[in-house]
Amino acid sequence: MKRRPKSGDSFGFLAEFAGTEELLEAIHACKAAGHTRMEAYTPMPVHEVWDALGHKSHLPKLVLGGGITGGILGFGMQYFASVIHYPINVGGRPLNSWPSFIIITFEMTILFAALTAVFGMLLLNGLPRPHHPVFDVEEFEEASQSRFFLLVPWYDPSFDHDKVPALLESLSPLSLNEVHHP
Amino acid sequence: MIAPGHSLGSVTDKISSIVLRRTTPRGWFIGLGIGLLLVGVLLTAIAELLFKGVGIWGLNNPVGWGFAIINFVWWIGIGHAGTLISAILLLFRQEWRTSINRFAEAMTIFAVMCAGLFPLLHVGRPWLAYWLLPYPNTMALWPQFRSPLLWDVFAVSTYATVSLLFWYIGLIPDFATLRDRAKAKPFKVIYGMLALGWRGAARHWERYETAYLLLAGLATPLVVSVHTVVSFDFAVGIIPGWHATIMPPYFVAGAIYSGFAMVMTLAIPMRKAFGLEDFITLRHLENMAKVILATGLIVAYGYTMEAFFAWYSANPFESSMMSGRMFGHYAWAYWLLIACNIVTPQLLWIKKVRTSVGALFVLALVVNIGMWLERFVIVVTSLSNDFLPSAWDTYAGTRWDWMLYIGTIGLFLTLLFLFIRFLPMISIFEMRTMVPGTSKKEDA
Amino acid sequence: MNPTPLSENLGRIQRTALMVGVVGSLALLIGAFTSADQFFSSYMTAFLFWLGPTLGSLAIVMLHNMTGGAWGFAIRRLLEAGMRNVPLMGLLFVPILLFGIGHLYEWSHADVVAADAILQHKAAYLNRPFFTIRAVAYFAAWAFLAFAMVRLQARYDRHLEIGALRQMKSISGLGLVIYVLTMSFAAFDWGMSMEPHWFSTIYGLIFVVGQGLATLCLAVVVASRLARHEPFSRWFEPRHFHDLGNLVMAFVMLWAYMSFSQFLIIWSGNLPEEAPWYLHRIGHGWQALALLLVAFHFAVPFLVLLNRPAKRKMGVLAVICAGIFVMRYAELFWLIAPAGGAPFHISWMDVVAPIALGGLWISFFIRGLRGRPLVSLQDAKLLGKLEEAPIL
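Just so it is clear, the model here is predicted, and its values are computed rather than measured.

(A) Structural detail: the overall build of chain A. A tally of regular secondary structure across chain A gives five helices and four strands. Walking chain A from its N terminus toward its C terminus, one meets helices and strands in the order β-α-β-α-α-α-β-α-β. Whereas a compact globule of 182 residues would reach a radius of gyration of roughly 16 Å, chain A reaches 25 Å, over 25% beyond that. The C-alpha extent of chain A, read off along each of the three principal axes, is 80 × 35 × 30 Å. Here the contacts in chain A between residues at least 6 apart in sequence split such that 81% fall between residues at least 24 apart.

(B) Main features of the overall build of chain C. Helix and strand counts for chain C come out as 17 helices and zero strands. What you see for chain C is a C-alpha radius of gyration of 21 Å, in line with the 21 Å of a compact globule of 392 residues. Structurally, chain C occupies a C-alpha span of about 70 × 40 × 40 Å along its principal axes. Residues classed as buried in chain C amount to 59% of the 392 residues present. The long-range fraction of contacts in chain C, counting pairs at least 24 apart against all pairs at least 6 apart in sequence, stands at 79%. Accessible surface computed for chain C: about 15,600 Å², of which carbon and sulfur atoms make up 70%.

(C) Region of the structure containing the interface of chain A and chain B. Counting residues at the interface gives 66 residues for chain A and 57 residues for chain B. Approximately 5,400 Å² of surface area, both sides summed, lies buried where chain A meets chain B, with 69% of it carried by carbon and sulfur atoms. One can count one salt bridge joining chain A with chain B. At the surface where chain A touches chain B, the tally comes to 16 residue pairs in polar contact (both at pLDDT 80 or more). By residue number, the principal contributor to the side of chain A that touches chain B is helix 4 (residues 98-124) of chain A, which donates 18 residues.

(D) Examining the sheet that holds strand 4 (residues 175-180) of chain A more closely. Residue and element names in this part refer to chain A. Strands sit in the order 2-3-1-4 across an open sheet of four strands; the sheet is antiparallel. The sheet is open, and its two edges are formed by strand 2 (39-41) and strand 4, each paired on a single side. Between one strand axis and the next, the sheet turns through 25° on average, direction left out of account. Bridging between strand 2 and strand 3 (residues 148-153) involves three bridges; their strand directions are antiparallel. Paired with tyrosine 41 across the strands is phenylalanine 149, a residue of strand 3. Sheet strands in contact with helix 1 (residues 20-32) are strand 1 (10-17), strand 2 and strand 3, and its direction is about 15° off that of strand 3.

(E) Local environment of the environment of valine 357 of chain B. Residues and elements named next belong to chain B. Counting through the fold element by element, valine 357 comes out in helix 13 (residues 357-384). Along the sequence, valine 357 and glycine 410 sit 53 residues apart, while their C-alpha atoms lie 25 Å from each other. Those residues in contact with valine 357 that sit more than four places away from it in its chain are Ile268, Arg271, Leu282 and Leu285.

(F) Spatial organisation of the interface of chain B and chain C. Facing 29 residues of chain B, the contacting portion of chain C comprises 42 residues. Of the roughly 3,100 Å² buried between chain B and chain C, counting both surfaces, carbon and sulfur atoms make up 72%. Sorting the residues of chain B by area buried against chain C places Thr245, Tyr301 and Tyr312 of chain B first, and these three jointly supply 23% of that buried surface. For the pair chain B and chain C, the number of links is zero salt bridges. Scanning the region where chain B abuts chain C turns up 10 residue pairs in polar contact (both at pLDDT 80 or more). Within the residue set of the side of chain B that touches chain C, elements represented by two or more residues are helix 7 (202-235), helix 8 (247-273) and helix 9 (282-312) of chain B. The leading source of residues in the side of chain B that touches chain C is helix 9 of chain B, at seven residues.

(G) Just the pattern of salt bridges, in detail. All names here are of chain C. Taken as a whole, this structure holds 14 salt bridges over all chains when the rule is applied. For arginine 76, the salt bridge is made with glutamate 80, and the minimal N-O distance between the two is 3.7 Å. Remark: glutamate 80 and arginine 76 occur in helix 3 (residues 70-83); sequence separation between them is four residues, near one turn of the helix. Taken as a pair, arginine 76 and glutamate 80 share a single burial class, namely buried. Glutamate 80 is paired through a salt bridge with arginine 77; the nearest N and O atoms lie 3.4 Å apart.

(H) Representation of the nonpolar core within the structure. In terms of nonpolar packing, the biggest core is built from 340 residues, with Phe47, Trp142 and Trp190 of chain C touching the most fellow members. For tryptophan 142 of chain C, the contacting residues outside a window of four places in its chain are Leu51, Leu55, Leu58, Val86, Tyr179, Thr182, Met183, Ala186 and Trp190 of chain C. With 11 residues, the next largest nonpolar core counts Val137, Ala143, Phe149 and Val179 of chain A among its residues.

(I) Structural view of the packing of helix 3 of chain C against helix 9 (residues 203-226) of chain C. All names here are of chain C. Relative to each other, helix 3 and helix 9 sit at 110°, their axes nearing to 10 Å. On the basis of the axis angle, helix 3 is roughly perpendicular to helix 9. Our pair here, helix 3 against helix 9, has a crossing hand that is right-handed. Contacts from Ile75, Leu78 and Leu79 of helix 3 reach helix 9 at Thr215, Ala219, Val222, Ala223 and Leu226. Grouping the amino acids of the contact of helix 3 with helix 9 by side-chain chemistry returns seven nonpolar, one polar and no charged.

(J) How the structure looks around the packing of helix 5 (residues 148-181) of chain B against helix 6 (residues 185-195) of chain B. Residue and element names in this part refer to chain B. Between helix 5 and helix 6, the shortest axis-to-axis distance is 8 Å and the interhelical angle comes to 145°. Between helix 5 and helix 6 the crossing geometry is left-handed. On helix 6, the residues touching Tyr168, Ile172, Phe175, Ala176, Leu178, Arg179 and Asp180 of helix 5 are Lys188, Tyr191, Gly192, Leu194 and Ala195.

(K) Inspection of helix 11 (residues 331-343) of chain B at higher detail. Where helix 11 of chain B is concerned, the buried positions are Ala331, Ala333, Tyr334, Leu337, Ile338, Cys340, Asn341 and Ile342 of chain B. Check the buried side of helix 11 of chain B and you find it contacts helix 8, helix 9, helix 10 (316-327) and helix 13 of chain B.

(L) Local environment of the environment of leucine 264 of chain C. Mapped onto the secondary structure, leucine 264 of chain C falls in helix 11 (residues 238-269). In this structure the C-alpha to C-alpha distance between leucine 264 of chain C and alanine 330 of chain C, which are 66 residues apart in sequence, comes to 21 Å. Sequence-distant contacts of leucine 264 of chain C, defined by excluding residues within four places in its chain, comprise Pro99, Ser100 and Ile103 of chain A together with Trp151 and Phe232 of chain B.

(M) How the structure looks around the domain arrangement of chain A. For chain A, the assigned domains read domain 1 (10-56 + 133-180) and domain 2 (59-124). Inter-centroid distance (C-alpha atoms) of domain 1 of chain A to domain 2 of chain A is 45 Å.

Calculation criteria
- Residues numbered from 1 in each chain as written.
- Chains lettered and ligands numbered in written order.
- Predicted model: local features only at pLDDT ≥ 70, side-chain atom pairs only at ≥ 80, totals over all residues.
- Heavy atoms only, no water.
- Helix = DSSP H or I, 4+ residues; strand = E, 2+ residues; numbered from the N terminus.
- Rg over C-alpha atoms; globule rule 2.2 N^0.38 Å.
- Contact = heavy atoms within 4.5 Å.
- Buried < 20%, exposed > 50% of the residue type's maximum accessible area, 1.4 Å probe, protein only.
- Areas by Shrake-Rupley, 256 points an atom, 1.4 Å probe, with all protein chains shown as cover.
- Buried area = accessible area lost by both parts, 1.4 Å probe.
- Salt bridge = Lys/Arg side-chain N within 4 Å of Asp/Glu carboxyl O.
- Polar contact = N/O pair within 3.5 Å; in protein donor to acceptor, adjacent residues only side chain to side chain.
- Pairing = 2+ DSSP bridges.
- Axes fitted to C-alpha atoms, helices over the stretch in contact; angles between N-to-C directions.
- Core = buried A, V, L, I, M, F, W, Y, C linked by side-chain atoms within 4.5 Å.
- Parallel < 35°, antiparallel > 145°, perpendicular 65-115°, else oblique.
- Left-handed = near helix turned anticlockwise from the far one by under 90°.
- Nonpolar A, V, L, I, M, F, W, Y, C, P; charged D, E, K, R; others polar.
- Domains from an automatic or database assignment.

Right, dumping it as structure tokens:
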């Protein structure tokens, strides 16, 4: 167990690359060197990168759950209101007019699933998070524009304050910076 | 789908500079000015309405549904193209959508806002519109869940919510780009807050893309359901001309039809004004023209079936409704709508027409008019001649009806002009994936 | 070309199918003489069932000509073989035209019409000569389109004529319009007019969607069998099945959407001229079949296909598609058999007729597959998949 980091401690090393290819090479090189908990930053979604890092989200299951909840709530609400709480004959329709109730059930399913997808994604990503140590690196502005970054953070099991920069330097990055805990 | 010679940097530059540059073209002020002027008209019409009541509209007995419903359906329909472009074409991996989806999504949201105004105002006391929602109350009353009008409340509010989320989610990475590029401090802060601290981490992207695809998968049946519910507003009743089982698919097709026409109407001047010919290429316009042609044919199928079954049903009310439409008081509207919606769009079979920007612009306008007329014909002809001949009456919108309608066009334009000035109208991060040499999107 | 095990296998299936077809037809012939009403009801259902993959093939090829996509190239030859059966279906319709109208349609009886004002109104459309002329016209249109597609594709394959490709595309646009219109009216004529008072404007589209669905399902099943053998195992990829799985799901949803819309509108309207049609089909013992349709024509396939991995696994997808294909028959049976308020019944002919017609259909289908490259050589080269197009 590592000790709790203090302000100013090293957060990790951040290397900048020009393209996906270089970034992927760097990821493979770091993996070969035994690093397992790296993070990459790209200006657009790149499947190969998260495949290389081994990410796989559980979001679809959450969304399915959200949808089912919404559907049950939707139908339940209509059933409760029309059959249990205030039963009233409308145009001779049965109290449980299930064909009519399907529409709102469907809409509620979609609504809950969509809300789960969006807020689930944000929550799992730990967003909103206004500040992150990597933002202190000046070059990191380019991460949202045209450059690719690889971070080997302090919490990586084989993080070594001397070996990591040497390894990254050997991959000839466009820039290499140490990130500090704020 | 992107002109050659672009790199990640140049795409970012080109699109974000539209938002971040300090000078604003004069045309933008003129456009916004016109929009705001019409918003003034809208506010006047609403003020008069709230002051005097819906009696200032042209509604009468038997025509209890007039401009408000026509315009509601018209606007909702226009919104549908946005969802179609952003969600359905994404699922079908039609990459040409990338440069127009943001714009189309914005259009959806603004169109739904305009649409929502009409039923809200039509209820007479909009400040009590929350009565439409089911909530426990002291009177133990519940809304009528068997009514399609209530289905509308759920469908449209779900649609508005999901569209907004879809749009905002799509904007987050671009907000991050703008945050990192903005020079002026206030913009940096505002865009920074909107970006929610997005930093483009790979694991975030992975969840992001999953969420985006899931939303697209959810939005697709949703958009179909919304116009289906709108068609149920008519079809589950037993009014001749309304009660037809073909209504749901033909309404949905009509919505996409009018929506694409609106995208075209807006995109053609926009790409010219902002020099976006590299991103919204002629091929985009041609593809949209093909969608317009295809959906137009489905609409034509709907009209054909209605006409055939008006006779085949052997129901005197059905056939008198149809002959009323064709030869009665509103025959001009019916034949004009046939000309606008069915006859002229057949020109799109010709490739020359599909690739002529001027012709497409005119055709798109014609379809916009035709689709408004379609709703006018459906709403008004069926109501004005109901089952009891002694109750028949004609209907025409008053100037307040027209002011409200034109006013919402102003609201739409105003929002649109604000959008293109302050938000990237083309998705920057998605355009980056189109740059050759960077990694392609794997099959979804 | 040496006979491969696959080729021999197919030859055996073709012969067996033909035998089943002939034997089944003979059995049906006996049925026709013992109970003609029942025979024509069963025969019509089976006919409409096998018309599905025939015309669906035509429609999907035309659709693919307009949209493109790898999934279409993968199954194109199967679809072409399917649409080559249009003449066969035309031939199979002759007995209905010659002897069946009186047994199937009450509007064909002068005494019934004389006592019914509505039928008198409809007599301008629902009468024997016009019915026959329309049927001939439908088949002429379908045969023309199928013939044009097969011919143009052959020209393209042989000489790589870009002109043929372009021509195919331009025919396809108009062809789809013609197909949807003719099939809609064919559905009104052959299915809807069995209960001549009833009408529903979406009825034609439900048939069109059903035909597309039947075709895709059959294509997936056949492709999954072929993909077990070399060289097709290299030709069919998981992504093809994934795309096809998505299409099947889209059609399942579309079918459910249209069927439910029709039900909800008629249920809400509750009019005496419309509601009886459903009362005939959700009462009198038919309700179990209706529920079966909801479960296995929609809910189960839909839920399974929501799963991404299920669509990429050929085996799972094939089972689902086979199930839907069977349910296509169930739906048509549910549409046709209860006509006029008949209580629930299944005759032996309801089982034999689809098998007999299926035997004939499949044997001709395999005949259409064999002797020609099963994969268009041009497509294969274009996609860089195979050096030479394999022939069965």
